[in-house]
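For reference, the chains in residue letters:
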Amino acid sequence: MANVTVVGAQWGDEGKGKIVDWLSNRADVVVRFQGGHNAGHTLVVDGKVYKLALLPSGVVQGKTSVIGNGVVVDPWHLLTEIGKIADQGVNITPDLLVLADNATLILPLHRDLDQAREAASSQKIGTTGRGIGPAYEDKVGRRAIRVADLADPEALKPKIERLLSHHGALRRGLGLPDADAGQLFDQLMEIAPQILAYAQPAWRVLDQAKKAGRRILFEGAQGALLDVDHGTYPFVTSSNTVAGQAAAGSGMGPKGPGYVLGIVKAYTTRVGEGPFACELSDEVGKHLATVGREVGVNTGRPRRCGWFDAVLVRQSVAINGIDGIALTKLDVLDGLETLKICVGYKIGDKVVDYLPAGMRDQAAAEPIYEEMEGWSESTAGARSFKDLNANAIKYVRRVEELIGAPVALLSTSPERDDTILMRDPFEG
Ligand code: IMP
């Protein structure tokens, strides 16, 4: 039986939360392997809405949930999220949640830096302002504070000094006051016992789970076009969001991720700045935004909306090694007379069938569309492929053909049960 890795195949917000929640029924362990609380996952279970940012979506189902080493963890946020979900009746004990002891911490100074840079920059990225990028910079710069450091106050003090000597120059350049080493140490010591209660060598927990034949579900955050290498750089997040990261970001070998399920929205959205060839500012764009309720879970920012871009998703299928997709929000297209799908780009006088890496090419790419007839019938809440009208089926089949991957799941509403299973990802 394969493990399954769920990744966003566009710019995030494809509806991963619902699919992960649905699949976690069939899994024993759910693992986050990158990103941090910049992610926003909405789960609707029996009409109850759960909004998660850092906790793996499996917690709602009471599955062992692992925050892997590849995640950057704001420990204060983690405790707040645990508290909020407890108020909704989900009790998170150290039996349920495993926090990798080698995960990097997001500190208040990372948030300060993220927000100050966005405010000062003439080329904004449109980050979530949660400190994600600066925390990853410190990790790669080998000066980060990690979960395990909370257990060793004597070693932590010089680590903080070293970190602050780096941040001092950055803060002064941005007009921020110096951070106080003693205060940061005290703040960390205050939460250390609560955080350390969840800390474990996550790689070992996963190794044992693997040896016991348990099914592991990897939950990606953001999407392939926000990947720090493969995305629309520099308008990306600061982690690798592609499926390969599930191995490194959890401490499992390259075979760990198993079947790769790409989550694909039936149209395209993005939040934040950066190129978006198929963006629509007309009535159709408004339709997608309102009917699709396209507002960021985390930040409340409106999402930019546009037609389905098969070029991007085909690229995403390749770089993730996607075996099958879950197509979400097809019902948002209900009622549109004509549908367009982007099948190539015109860049100057060239026609290309992929998104080039250069920033200027990406910004200049103009979509080449093919048109399809829409449908007036409702597809919302359909529970079988046969319930879909002929044009909706044609649209789904054309998407499969253009991206080179089959539809394994079709989601027809935010409710868990409105999901059509075409092939079971756990069966490989
Ligand atoms: P950061 O991850 O906060 O550094 O933001 C970098 C870029 O990634 C910005 O364009 C954000 O809007 C985008 N981003 C980060 N997390 C998400 C997400 O969960 N969904 C969609 N976009 C995201």
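Scroll up to find the structure.
Everything in this summary refers to the structure shown in the same document. Everything numeric here is computed off the predicted structure, so don't read it as measured data.

## Points about the packing of aromatic side chains
Working step 1: Counting across every chain of the model gives 3 aromatic pairs.
Working step 2: Seen in terms of ring centroids, Trp11 and Phe276 are 5.2 Å apart; in terms of plane orientation they differ by 55 degrees. Their pairing is tilted. Taken together, the positions of Trp11 in the loop between β1 (4–8) and α1 (16–24) and Phe276 in the loop between β12 (268–270) and α9 (283–291) put the pair 265 residues apart, joining distant regions of the chain. Just as Trp11 is buried, Phe276 falls in that class too.
Working step 3: When the ring of Trp375 is compared with that of Tyr395, the centres are 5.9 Å apart and the planes differ by 65 degrees; the resulting orientation is edge-to-face. Separated by 20 residues along the polypeptide, Trp375 in the loop between β18 (366–373) and α12 (390–403) and Tyr395 in helix α12 bring together distant segments of the chain.
Working step 4: What makes Trp375 buried here is its relative accessible area of 4%.
Working step 5: Its relative accessible area of 2% is what places Tyr395 among the buried residues.
Working step 6: Directly above the aromatic system of Phe185 lies the positively charged group of Lys157, at a separation of 4.9 Å from the ring centroid.

## A closer look at the site of the ligand
Working step 1: The ligand sits among 16 residues. The nearest are Asp13, Asn38, Thr128, Thr237 and Arg301.
Working step 2: Side-chain polar atom of Asn38 to an oxygen atom of the ligand: 2.9 Å apart, as the coordinates give it.
Working step 3: Taking Gln222, its side chain carries an N or O atom lying 3.2 Å from a nitrogen atom of the ligand.
Working step 4: Calculation on the ligand without its partners gives an accessible area of 470 Å², and the protein chains cover 96% of this total.
Working step 5: Its residues placed into classes, the shell around the ligand shows 6 nonpolar, 8 polar and 2 charged.

## Quick look at the nonpolar core
In summary, soluble globular proteins display a tendency toward joint burial of nonpolar side chains.
Working step 1: Judged by nonpolar contacts, the single largest core of 106 residues is most densely connected at Leu78, Ile92, Leu330, Leu333 and Tyr395.
Working step 2: For this core, the element with the highest residue contribution is helix α6 (residues 181–196), accounting for 7 residues.
Working step 3: Every residue in contact with Leu78, bar those within four places of it in the chain, is listed here: Leu54, Leu55, Ile67, Val73, Leu97, Leu99 and Ile195.
Working step 4: Counting residues in each nonpolar core, the second largest holds 16 residues, with Val6, Leu261, Ile263 and Phe426 among its members.

## Looking at the pairing of strand β2 (residues 29–32)
Working step 1: Side chains Val29 and Val31 project from β2 onto one buried face, and the interleaved Val30 and Arg32 project onto a second face that is buried too.
Working step 2: Two elements, β2 and strand β10 (residues 216–219), share 4 bridges in a ladder whose sense is parallel. Note on β10: the bridge partner recorded for Val29 is Ile216.

Calculation notes
- Residues numbered from 1 in each chain as written.
- Predicted model: local features only at pLDDT ≥ 70, side-chain atom pairs only at ≥ 80, totals over all residues.
- Heavy atoms only, no water.
- Phe/Tyr/Trp six-rings, centres within 6.5 Å; stacked < 30°, edge-to-face > 60°.
- Helix = DSSP H or I, 4+ residues; strand = E, 2+ residues; numbered from the N terminus.
- Buried < 20%, exposed > 50% of the residue type's maximum accessible area, 1.4 Å probe, protein only.
- Lys NZ or Arg CZ within 6 Å of the ring centre and 35° of its normal.
- Near = heavy atom within 4 Å.
- Polar contact = N/O pair within 3.5 Å; in protein donor to acceptor, adjacent residues only side chain to side chain.
- Areas by Shrake-Rupley, 256 points an atom, 1.4 Å probe, with all protein chains shown as cover.
- Nonpolar A, V, L, I, M, F, W, Y, C, P; charged D, E, K, R; others polar.
- Core = buried A, V, L, I, M, F, W, Y, C linked by side-chain atoms within 4.5 Å.
- Contact = heavy atoms within 4.5 Å.
- Pairing = 2+ DSSP bridges.

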